[in-house]
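So the chains spell out like this:
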Amino acid sequence: AEQEIQEYFDAAVDIARKAGHVVFEAFHKEKNIDTKSCGTDLVTETDKYIEELIIRTLREKFPSHSFIGEESASAGKKSVFTNNPTWIIDPIDGTTNFVHRYPMVAICIGLAINKQMEVGIVFNPIKDQMFTARRGTGAFCNGKQIHCSSVTDLSKALVITELGSSRDPEIVNVVMSNLRRLAEKPIAVHSIRLQGSAALNMCSVASGEAELYYECGIHVWDIAAAGIIVEEAGGVTLDPSGKPLDLLARRILAAGNKELADQVSQYLDCIDLPRD
Ligand code: IPD
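Residues numbered from 1 in each chain as written. Predicted model: local features only at pLDDT ≥ 70, side-chain atom pairs only at ≥ 80, totals over all residues. Heavy atoms only, no water.

Within the open sheet, the 7 strands sit side by side as β3-β4-β5-β6-β7-β8-β9. Their pairing is mixed. Each having just a single partner strand, β3 (66–69) and β9 (144–146) make up the two edges of the open sheet. Going across the sheet, the axis of each strand differs from the next one's by a mean of 20 degrees, ignoring polarity. Alignment of strand β5 (residues 106–113) against strand β6 (residues 116–124), held across 7 bridges, turns out to be antiparallel. Looking at β6, one finds that I113 is bridged to Q116. Contacts from helix α6 (residues 198–206) reach β4 (86–93), β5, β6, β7 (129–134) and β9, with the element oriented near 100 degrees to β6. (Pairing = 2+ DSSP bridges. Helix = DSSP H or I, 4+ residues; strand = E, 2+ residues; numbered from the N terminus. Axes fitted to C-alpha atoms, helices over the stretch in contact; angles between N-to-C directions. Contact = heavy atoms within 4.5 Å.)

This is the structure in structure tokens:
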């Protein structure tokens, strides 16, 4: 099995690099932009092209495997998550960044077996950063091992979150009140960042650049590959309530350690969203 996982890992890194060339080439060019659930939920021709390329390549190599992909899902394909080896793919995480040429974009490829993540690849082709993890063997960026921060005091944390794509006043209100609660005294975190890519936010936590990231409204393809990278870097992935993570529940809290996650979860509200 060890050898098989290595084969899956190598195939994922290989196709992430190929897809990265396509993203890199398209990054500075004119883009053909479309919207999905609302006017701030964007998709480009490149997202669709890359998802198709990744799925086709992996399916040729591993014909019995299953696939969950962001653009296949938005084209109406329901995400079915079984015990079968399942590739979970986000062709471009940070599509809004991609559209605006803000360099935080990533190709995410994760592999779950028996619903447990075994492999996670998050590649930022603009910055040439390849984040990788295999269960039980640590997390790496460009081959160098990475570790989460050891800060345990919330008031000393650099926190990452996102605005998300909904502009529904009720949802924006929850996002803003969470931000406000963390910013103001008595919690008063060091600062808050919004980078525009759930997966790269999690890689920031895995690299120890930030102490924690939370968001409600993400999808399984935004967090599956990056989740194992956080865990292999010594961190934790949970539901923002502090309960165990449910990959399809559209909510994430990633932190350098459990102590920090437990502190912040007391202050976070989330809106319930339809599952993936
Ligand atoms: C989005 C990004 C963004 C997050 C959204 C995601 P996409 O993914 O990760 O940071 O706020 O919730 O949907 O659509 O660019 O793959």
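Structure shown, so let's carry the discussion forward.
Quantified by volume, the largest pocket comes out at close to 1,200 Å³. For the largest pocket, the lining is made up of 50 residues, of which D41, G164, S165, G217 and H219 are closest to its centre. Breaking the lining of the largest pocket down by element, the ones donating at least two residues are α3 (70–74), β4, α4 (95–100), α5 (169–183), β12 (212–216) and α7 (220–232). Considering each element in turn, the lining of the largest pocket owes the most residues, 4 residues, to α5. Counted by class, the lining of the largest pocket contains 17 nonpolar, 18 polar and 15 charged residues. Empty space within the second largest pocket amounts to approximately 230 Å³. For the lining of the second largest pocket, the residue count by class is 8 nonpolar, 3 polar and 5 charged. (1 Å grid on protein atoms, 1.4 Å probe; cavity = no way out; pocket = protein on both sides within 12 Å on 5 of 7 lines; lining within 4 Å. Points joined across faces, edges and corners; volume = space filled by probe spheres on them. Nonpolar A, V, L, I, M, F, W, Y, C, P; charged D, E, K, R; others polar.)

Near the ligand you find 14 residues, and of these D90, D93, G94, T95 and E215 are the closest. In this structure, an oxygen atom belonging to the ligand sits 3.0 Å away from a side-chain N or O atom of E70. The backbone of G94 places a nitrogen or oxygen atom 2.7 Å from an oxygen atom of the ligand. Protein chains bury 89% of the 380 Å² of accessible surface belonging to the ligand in isolation. At 3 residues, β4 tops the list of elements feeding residues into the shell around the ligand. Split into classes, the residues belonging to the shell around the ligand amount to 3 nonpolar, 5 polar and 6 charged. (Near = heavy atom within 4 Å. Polar contact = N/O pair within 3.5 Å; in protein donor to acceptor, adjacent residues only side chain to side chain. Areas by Shrake-Rupley, 256 points an atom, 1.4 Å probe, with all protein chains shown as cover.)

Per the counting criterion, the structure on display carries 14 salt bridges. Here D128 ties to R17 by a salt bridge, and the two come within 3.8 Å at their closest N and O atoms. Of this pair, D128 sits in the loop between β6 and β7 while R17 is found in helix α1 (residues 2–27), placing the two residues 111 residues apart along the sequence. Assessed through its relative accessible area of 43%, D128 is described here as partly exposed. Owing to a relative accessible area of 39%, R17 belongs among the partly exposed residues under this scheme. One network of salt bridges, with partners in common, ties together K36, E70 and E71. (Salt bridge = Lys/Arg side-chain N within 4 Å of Asp/Glu carboxyl O. Buried < 20%, exposed > 50% of the residue type's maximum accessible area, 1.4 Å probe, protein only.)

As a further point, take the confidence of the model for the chain. Chain-level statistics for the chain give a pLDDT mean of 96 and a share of 100% at 70 or above. Overall fold confidence (pTM) sits at 0.97, and the ipTM for the predicted complex is 0.96. (pLDDT = per-residue confidence, 0-100.)

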